[in-house]
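Survey of secondary and tertiary structure
Each chain is listed here by its residues.
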Amino acid sequence: MTHNTTTASAEAEVRVRDLTVHYRIEGTEYPAIASVTLDLPRGRITGLVGESGSGKSTLALALMNAISEPGRVSGGTVHVDGVGEVTALSAKQLRAVRGSALGYVFQASQNSMNPLRTIGRQILDLGRSHDVKDLPGLLHRARELAERMGLDGKRVLDSYQHELSGGMRQRLGIVFALVLNAKVLILDEPTTALDVLSQAAVLKIIREVHEENHLSTLIVTHDMGVVSEIADNLAVMYGGRIVEHGPALELLRAPSHPYTKALIRATARITGDLASARALPGRPPDLTTIPKTGCVFRERCAFATDVCTGSEPRLEEFRPGHRRACHADVALVRTSPATPKGDVS
Ligand SMILES: Nc1ncnc2c1ncn2[C@@H]1O[C@H](COP(=O)(O)OP(=O)(O)OP(=O)(O)O)[C@@H](O)[C@H]1O
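Cut-offs and rules
- Residues numbered from 1 in each chain as written.
- Predicted model: local features only at pLDDT ≥ 70, side-chain atom pairs only at ≥ 80, totals over all residues.
- UniProt positions renumbered as here; feature names shortened; annotations may be inferred.
- Helix = DSSP H or I, 4+ residues; strand = E, 2+ residues; numbered from the N terminus.
- Buried ≥ 20, exposed ≤ 12 C-beta atoms within 10 Å, placed from the backbone.
- Contact = placed C-beta atoms within 7 Å.
- Pairing = 2+ DSSP bridges.
- Axes fitted to C-alpha atoms, helices over the stretch in contact; angles between N-to-C directions.
- Near = placed C-beta within 6 Å.
- Nonpolar A, V, L, I, M, F, W, Y, C, P; charged D, E, K, R; others polar.
- pLDDT = per-residue confidence, 0-100.
- Core = buried A, V, L, I, M, F, W, Y, C linked by C-beta atoms within 7 Å.

By the naming in an unreviewed UniProt entry, the protein goes by ABC transporter ATP-binding protein and is assigned to Streptomyces aureus. The protein has a UniProt comment under Subcellular location (unreviewed entry) that states "Cell membrane". Check the Sequence similarities (unreviewed entry) section of the UniProt entry for the protein; it says "Belongs to the ABC transporter superfamily."

As structure tokens, then:
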């Protein structure tokens, strides 16, 4: 692991402030993420974790201003250095920025290639749509990246999507995200189609390319094992909120939010002990059941008191570069063996 130990000193390439996204369901709007404030520092990999439905993909899409109907960005800002305010860009400006300044691999993007064109032609299309002058150079870089991903570069560039396995397409998704030399890289579940060995190899390459190009990288995953291997900083989401954010090692060793603690305990690869790994009890809320007042985690939290029903805890820094949103005492959460409430599944 090559984790840095602080979030505070690095310069932020991406600054998200009070970002809120609503989805409309049967005529009523519900917040999928609420007042998210987060910096993605240059040269750092930030892991975004949380159970299914916590709002991770919505946040990743909102960073690119790519939320579509029935959703909308209803508040807040996303500032990217060298690009400006992303939520204020026109559709044309957005097309130019996506892929070039902002590289991304969205969930299931291994299924979203053009079935009628070879991968090489699609790389050329990408280059042309971003006014790349040196197209042979672009192909060369794509081939080199593919080879670093453990693929036969020439073969995959000459292939059509249907000739490639899910794992190969997933690696190529990462090649597409990196080939235009983006400064910000957003990867949503980049290794889910890979077996554990390939996953480790691809994570290593992401880390190398990230360091060579001094990127700001966000990796979205529900897999704490993935982020424990690669992330410098971690942001933990629950019910559309960031509930803890700080240096990865510190957060993994001494979680200070009851939800982070439960999430880590449920991950055998981190505890290193299958027998001691405990399933996270209870279920996360969906959009219609997220509490409107108080702490969103209180119904599953072993530390909840009356104050958690009455007021929502703010995400506040309790030591440099480490923030959490919880009313309970930090030391108590860190030292107590308490597990979350709920019906053990
Ligand atoms: N297009 C949509 N219309 C309505 N609700 C949506 C839409 N997309 C997402 N949601 C809801 O918004 C909430 C957040 O979803 P999101 O996909 O961002 O979570 P996630 O943490 O990325 O989950 P997963 O790990 O399963 O992808 C969920 O309750 C989800 O059902």
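**What to know about the overall build of the protein**
A count of helical and extended segments in the protein gives 13 helices and twelve strands. Relative to its 345 residues, the protein shows a buried fraction of 45%. If you take every contact in the protein between residues at least 6 apart in sequence, the share linking residues at least 24 apart comes to 67%.

**A closer look at the sheet that holds strand 3 (residues 45-49)**
Two orientations exist for strands paired in a sheet by backbone hydrogen bonds: parallel and antiparallel. An order of 6-7-8-3-9-10-12-11 is seen for the eight strands of this open sheet, with the pairing classed as mixed. Of all the strands in the sheet, the pair left with one neighbour each is strand 6 (102-105) and strand 11 (316-319). With strand direction ignored, the average angle separating the axes of adjacent strands in the sheet is 20°. Here four bridges tie strand 3 to strand 8 (residues 216-220), and the two strands are oriented parallel to one another. From the neighbouring strand, Thr 46 faces strand 8, where its bridge partner is Leu 218. Lying on the sheet, helix 6 (residues 166-178) is in contact with strand 6 and strand 7 (184-188); it crosses strand 6 at an angle near 170°.

**As for the sheet that holds strand 4 (residues 71-80)**
Taken in spatial order, the four strands line up as 2-1-4-5 in an open sheet, and their pairing is antiparallel. In this open sheet, the two edge strands, each paired with only one partner strand, are strand 2 (28-41) and strand 5 (84-85). Taken together, the eight bridges between strand 1 (residues 12-25) and strand 4 define a ladder with antiparallel strand orientation. Directly across from Arg 15, in strand 4, lies its bridge partner His 79.

**Brief notes about the environment of Arg 319**
Here Arg 319 is to be found in strand 11. Along the primary structure Arg 319 and Gly 246 are separated by 73 residues, whereas in three dimensions their C-alpha atoms are 9.3 Å apart.

**Focus on the site of the ligand**
Ala 32, Ser 52, Lys 56, Ser 57 and Thr 58 are the nearest of the 16 residues found near the ligand. Elements supplying a minimum of two residues to the shell around the ligand: strand 1 and helix 1 (56-63). Of the residues forming the shell around the ligand, the biggest block, three residues, is contributed by helix 1. For the shell around the ligand, a count of residues per class yields five nonpolar, nine polar and two charged.

**Let's talk about the confidence of the model for the protein**
When pLDDT is averaged along the protein, the result is 87; 89% of the residues meet or exceed 70. In this model residues 1-9 is a low-confidence stretch, pLDDT under 50, and it forms 20 contacts with partners more than four residues away in sequence or in other chains. With pTM at 0.89, the complex prediction returns an ipTM value of 0.98.

**Let's talk about the nonpolar core**
By size, the foremost hydrophobic cluster in this structure holds 93 residues, and its most contacted members are Ala 62, Val 175, Ile 186 and Val 236. Ranked by the residues each element gives to this core, the list is headed by helix 6, at seven residues. Residues within four places of Val 236 in sequence aside, it is in contact with Val 49, Gly 50, Ile 242, Val 243, Glu 244, His 257, Tyr 259, Thr 260 and Leu 263.

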